[in-house]
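A structural walkthrough
In case you want the letters, here they are:
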Amino acid sequence: MVSPFDALGQMVGMLAIVALGYVVGKLDYLDGHTIKHISRLIIEVAMPCLVVASATGLDRTAASVEVPWSFGIAAFLWFSLLGTSWLCNALLRTPKEKRGLYLFAGTCTNTSFLGIPICLAILGQRCAVGASIIDMLTSVFNFTIGFAILARGSSTGKRKSARDVLKQPVVYSCFIAIIMFFTGWELPQGIQTTLSHVGQITSPLAMLVVGALVAQEDLRSVFSDWRSYPFAIIRQLVVTIVLYLLLRAIVPEPMLAELFAIMFALPTGAIVPTFADMCGADVELATKNTVVSTLLSFLIVPVVVALLGVL
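Only a predicted model underlies this, so the values are computations on that prediction, with no experimental measurement involved.

1. Some thoughts on the pattern of salt bridges
Here the structure, examined in full by the defined rule, presents three salt bridges. Residue Asp277 is joined to Lys36 by a salt bridge in which the shortest nitrogen-to-oxygen separation is 3.4 Å. Taken together, the residues span a long stretch of sequence, with Asp277 in helix α14 (residues 272-278) and Lys36 in helix α2 (residues 32-54) at a distance of 241 residues. With a relative accessible area of 22%, Asp277 lands in the partly exposed category.

Here is the structure:
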């Protein structure tokens, strides 16, 4: 039985970490200087470890039909997110200097910390391979095409070229992960365990940073970006259901369509403000979008999960 409460439980945990980040930010444990160094740690150390570790242990032969369909669905999901974000920019008349950030925030969703646990809780272990493939491939797109979009759309004096952004360790780790998956190459167990442990700090640290960034702003101003509200509703709810109904008529396994819907409905990733800072984009706007998207997800994601059980 598909239960929206399984999704809600995962999201409460995520919001609790953001709230903790807000508290430690107000107590000045995480000031601007510390946040900047933690952000570098996330991008240059933890995230690359997470990406490489995610490619190990995936059984490519577990389901001869599921694996190629999962790759196709992952590509379709990311480019649909990009197209939906572009449509939202057009409908909401987003200023030109903000479009790149909205495009990236719309494609870089919380697949690792939130998406995979929700999918496993709702769909069971049978979706593990497909969810991991979606997480891995969308990460490749985000850390290559997404970074280029974010860097080109920067409106600050810190604007970096797409070439500079694509030299980040996390980009190289994506290609290593792809090679490992297709060749079946396995790292020694000790190295794999180390990478996995280090990678697991990525999402909690990123959410602490989001909370600390909110603590540096006037709390009322965090909710002042009106475009974030219709953007989230259109992308996470309306388009999710439309594409789910389309995919359900095409894919050979209904579980794949349900997996797609849950992954598509996820909020903006907690890592987005950190990447915005790396690329010279508007960190304040990225933080606002992340917080609003996450809070609205407490309503949107359970509604999507409930609809999967009745449609």
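The structure having been displayed, the exposition proceeds.
2. Structural notes on helix α15 (residues 283-308)
Along its 26 residues, α15 runs 35 Å from first to last C-alpha, staying within 8% of the 38 Å computed at 1.5 Å per residue. The largest bend in α15 amounts to roughly 50 degrees and is located at Ser297. For α15, the N-terminal cap is Asp282; the gap from its side-chain oxygen to the backbone nitrogen of Glu284 is 3.1 Å.

3. Considering the side chain of Thr294
Position of Thr294 relative to the elements: it lies in helix α15. At 2.7 Å, the side chain of Thr294 and the backbone oxygen of Thr290 are in polar contact. Residues contacting Thr294, with those up to four places away along its chain left out, are Met11, Met14, Pro267 and Thr268.

4. Focus on unusual backbone geometry
Positive phi, normally seen in glycine, also occurs at Asp28, with a value near 70 degrees. Tracing the backbone through its elements, the reader meets Asp28 in the loop between α1 (4-26) and α2. The phi dihedral of Arg93 is positive, around 50 degrees, even though this residue is not glycine. Within the secondary structure layout, Arg93 lies in the loop between α3 (66-91) and α4 (96-107). For Arg93, a relative accessible area of 72% gives the class exposed.

5. So, the nonpolar core
Core analysis: the largest hydrophobic core is formed by 98 residues, its most contacted members being Phe143, Phe147, Leu259, Met263 and Phe275. Looking at this core element by element, the count peaks at 11 residues for helix α6 (residues 128-152). If sequence neighbours within four positions are ignored, Phe275 has contacts with Ile43, Met47, Phe104, Phe143, Phe147 and Leu150.

How each quantity is defined
- Residues numbered from 1 in each chain as written.
- Predicted model: local features only at pLDDT ≥ 70, side-chain atom pairs only at ≥ 80, totals over all residues.
- Heavy atoms only, no water.
- Salt bridge = Lys/Arg side-chain N within 4 Å of Asp/Glu carboxyl O.
- Helix = DSSP H or I, 4+ residues; strand = E, 2+ residues; numbered from the N terminus.
- Buried < 20%, exposed > 50% of the residue type's maximum accessible area, 1.4 Å probe, protein only.
- Expected span 1.5 Å × (residues − 1).
- Bend = angle between axes of the 7 residues up to and from the residue.
- Polar contact = N/O pair within 3.5 Å; in protein donor to acceptor, adjacent residues only side chain to side chain.
- Contact = heavy atoms within 4.5 Å.
- Core = buried A, V, L, I, M, F, W, Y, C linked by side-chain atoms within 4.5 Å.

Geometric descriptors of this kind do not, in isolation, establish any biological role.
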